[in-house]
Amino acid sequence: MDPSSRDTSTSVQELRDLVEQFVAERNWHSFHNPKNLAMSLGIETGELMEHFQWLTLDEAAQVQHDAAKKHDVGEELADCLAYVLAIANSMQIDLSSTLAKKMIRNAEKYPAP
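Read on for a plain summary of the structure.

Reading the values: rules and limits
- Residues numbered from 1 in each chain as written.
- Predicted model: local features only at pLDDT ≥ 70, side-chain atom pairs only at ≥ 80, totals over all residues.
- Heavy atoms only, no water.
- Helix = DSSP H or I, 4+ residues; strand = E, 2+ residues; numbered from the N terminus.
- Buried < 20%, exposed > 50% of the residue type's maximum accessible area, 1.4 Å probe, protein only.
- Phe/Tyr/Trp six-rings, centres within 6.5 Å; stacked < 30°, edge-to-face > 60°.
- Lys NZ or Arg CZ within 6 Å of the ring centre and 35° of its normal.
- Core = buried A, V, L, I, M, F, W, Y, C linked by side-chain atoms within 4.5 Å.
- Contact = heavy atoms within 4.5 Å.
- Expected span 1.5 Å × (residues − 1).
- Arc of directions from axis to C-beta.

Residues other than glycine seldom take positive phi values, yet Trp54 does so here, at roughly 75°. Here Trp54 lies in the loop between α2 (34-50) and α3 (57-62). Of note, Gln92 is a non-glycine position whose phi angle comes to about 55°, a positive value. As for its position among the elements, Gln92 is in the loop between α4 (67-91) and α5 (95-109). Judged by relative accessible area, which is 72%, Gln92 ranks as exposed.

Below you can see the structure in the form of structure tokens.
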């Protein structure tokens, strides 16, 4: 990973605040209800999938080595993340604790060998 990566120093709250500021500056709160946001997330995941549609597994693995394709995938992934964060903001869901609890449930359901 790039040593200058912000993933190591940016909190979930900072990302949530970034999305909230963007939404507030555009007065989009009336549109940002759970239904609309979930639908938008679904649309964005479809756009993400388009980058891999019809590729073999080997071709899909090579996308990360093509700078332009990796950038485009990153843009779609960022759109997905923005909608996840917007849903969390809209519904006041604490993502960190929810994910931690879900991973415990997943580990129970799918124990490691």
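Having seen the structure, we can now continue with the description.
Each aromatic ring pair is specified by the distance between its two centres and by the angle formed by the two planes. The final tally for this structure, using the stated rule, is one aromatic pair. Pairing Phe22 with Trp28 gives two aromatic rings, centres 5.4 Å apart and planes at 75°, and the pair type is edge-to-face. For Phe22, a relative accessible area of 38% corresponds to the partly exposed category. Taking relative accessible area as the criterion, Trp28 reaches 33% and is therefore assigned partly exposed. Directly above the aromatic system of Phe22 lies the positively charged group of Arg26, at a separation of 3.6 Å from the ring centroid.

Structurally, the position occupied by Ser11 is in the segment before α1 (12-25). Take Ser11: its relative accessible area is 32%, and that puts it in the partly exposed class. Sequence spacing of Ser11 and Ser96 is 85 residues, and the spatial spacing of their C-alpha atoms is 9.9 Å.

Bringing the nonpolar core into the picture now. Counting residues in each nonpolar core, the largest one holds six residues, listed as Val19, Val23, Leu37, Leu85, Ala86 and Ile87. Broken down by secondary-structure element, the contributors of at least two residues to this core are α1 and α4. Broken down by element, this core gets its largest block of residues, three residues, from α4. Contact partners of Ile87, with chain neighbours within four places excluded, come to Leu37, Ala38 and Leu41.

Turning our attention to α2. Under the 1.5 Å per step criterion, the end-to-end length of α2 is 24 Å for 17 residues, consistent within 8% with the ideal 24 Å. Among all positions in α2, only Leu37, Ser40, Glu44 and Leu48 are buried. The buried residues of α2 occupy one face: seen down the axis, they fall within an arc of 90°. Opposite the buried face of α2, at more than 90 degrees from it, the exposed residues are Lys35, Ile43, Met49 and Glu50. Summarising the contacts, the buried residues of α2 are in contact with α4.

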